[in-house]
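Each chain, letter by letter, is given below.
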Amino acid sequence: MDLIQELTWRGMYHDAVPGTAEHLAANAPITGYIGFDPTAASLHIGNLATIMLLVHLQRAGHRPVALVGGATGMIGDPSGKSAERNLLDEVTLRRNQDGIRAQLEKFLNFSEGPTGALVVNNYDWFKEFGFLQFLREVGKHLTVNYMMAKDSVKRRISGNEDSGAEGLSYTEFSYQLLQGYDFVHLNKTLGCTLQMGASDQWGNITTGTELIRRISNAEGTEAKAYALTGQLITKADGTKYGKSETGTVWLDASLTSPYQFYQFFFNAADADAPRLIRVFTLLTEDEILALEAEHAQAPHLRVLQKALARDVTTRVHSAEATEAAIAASEVLFGKGDLAALQSLDEATLLDVFAGVPHIHVMRSEVEGLNAVTLLSDSTMHKIFPSKGEAKKMIQAGGVSINREKVASPEAAVAALPLLAGKYLVAQKGKKNYFLIELE
């Protein structure tokens, strides 16, 4: 597989330094790396697009290296930011690095061999690197003029109050030099000749190639160094992709549940789905074109979004988690029965009905109650304003509790099966849901 051709048809390719394509073709397997910022305990959807660059690198017969920035994470990359971030302590960074490594192992093959993936931590080579030594061996090779010419630096240095920029500390200014040395170190120790990343990292990445060139020239050698960047993933309207209504979409199930994760992709706009399925899945071009043709025949069935959501959720979480997420989705859209509801754990149940009215009722108050009273007086008239309206709709067959029709206004609440031991899902008509929690 030709890496650049693969990335191009998927809409993932942005740019590369001259000679990169020829280097990839003539020297397989080469070693290439991408750096990941460990400022959170989990990677997110934005990172996943970058991970896929490493996945395709490995599929093309090359060796992927994921660099977790334990050292640079203590400083912070100024790219795309208007203010300096808070610095994290080493204990927090180590915890975050462990979480990131576990997630990367779901996507990359870490087996022995020339293309087996590696995870490295730049803290391991920076922790004993003295400041004066760094200045003598690294800093002297790049001029301040070169470093200031980078767009990420210029935006911050020339920033003003109107732009929201706060200037640039020396700490952040040095970031590109440290990242550049990462490439130097990997080039010398692993024979790494390629650095990849998102397009907004172009300045930092090319600093690395330039630093390798200058250091190798000073040493009388001729080291090879290349750079390749992928497209930033944005929505059709140009806004950044990776946020849901509730915030960042994480790869960690404890931060974004499999159900929420599945729903995020399932709810992708028709205008966005064709690009997303190319970037986030490994489906072939023919498979994707076939799905798009099927989707075009009946867009309301969301064939493209279903394929996208199923594929990505399975790889990030598991097949079992995906099936549970699909079952939960069907519950919300009226396709599940009592058994389907009872199969949901409490966390998923709350995810499914997160957007519906959540009514708390004291458990002691429902003893001896009938359905009419529960759905009106006991729930503070949030479901039905009166017993009369509740009775009328029950008799017309328009009320369900836990997906089963309420047969009689006098049906005993105590006889109803509880979900997760304390919940009832009341449905009024086709689309009005209420989650009743017994406390």
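The following paragraphs examine the structure supplied in this document. (Residues numbered from 1 in each chain as written. Predicted model: local features only at pLDDT ≥ 70, side-chain atom pairs only at ≥ 80, totals over all residues. Heavy atoms only, no water.)

Considering the environment of Ser-169
For step 1, the next point in the chain: Along the polypeptide, Ser-169 turns up in the loop between α8 (151-157) and α9 (170-173).
For step 2, the next point in the chain: The exposure class of Ser-169 is partly exposed, given its relative accessible area of 23%.
For step 3, the next point in the chain: Distance in space between the C-alpha atoms of Ser-169 and Ile-157 is 9.2 Å, their sequence separation being 12 residues. (Helix = DSSP H or I, 4+ residues; strand = E, 2+ residues; numbered from the N terminus. Buried < 20%, exposed > 50% of the residue type's maximum accessible area, 1.4 Å probe, protein only.)

Looking at the pattern of salt bridges
For step 1, the next point in the chain: Going through the model one piece at a time under the given rule, you end up with 11 salt bridges.
For step 2, the next point in the chain: In this structure, Lys-422 and Glu-346 form a salt bridge, with 3.3 Å as the shortest nitrogen-oxygen distance. Note that Lys-422 is positioned in the loop between β11 (404-405) and β12 (423-428) and Glu-346 in helix α18 (residues 346-352), a separation of 76 residues in sequence.
For step 3, the next point in the chain: For Glu-437, the salt bridge identified is with Lys-422, shortest N-O distance 3.7 Å. Remark: Lys-422 occurs in the loop between β11 and β12 and Glu-437 occurs in strand β13 (residues 432-438); sequence separation between them is 15 residues.
For step 4, the next point in the chain: If you follow the salt bridges from partner to partner, you end up with Glu-210, Arg-213 and Arg-214 in one network. (Salt bridge = Lys/Arg side-chain N within 4 Å of Asp/Glu carboxyl O.)

Focus on the packing of aromatic side chains
For step 1, the next point in the chain: This model, assessed by the stated rule, comprises 12 aromatic pairs.
For step 2, the next point in the chain: Seen from their ring centres, Tyr-262 and Phe-266 are 6.0 Å apart, and the 15° between their planes marks the pair as stacked. Of this pair, Tyr-262 and Phe-266 both sit in helix α12 (residues 258-266), four residues apart, which is roughly one turn of that helix. Here Tyr-262 and Phe-266 have matching classes, each one buried.
For step 3, the next point in the chain: With centroids separated by 5.4 Å and ring planes inclined at 85°, the aromatic side chains of Phe-264 and Phe-265 adopt a geometry described as edge-to-face. Comparing Phe-264 with Phe-265 shows no difference in burial state: the two are buried. (Phe/Tyr/Trp six-rings, centres within 6.5 Å; stacked < 30°, edge-to-face > 60°.)

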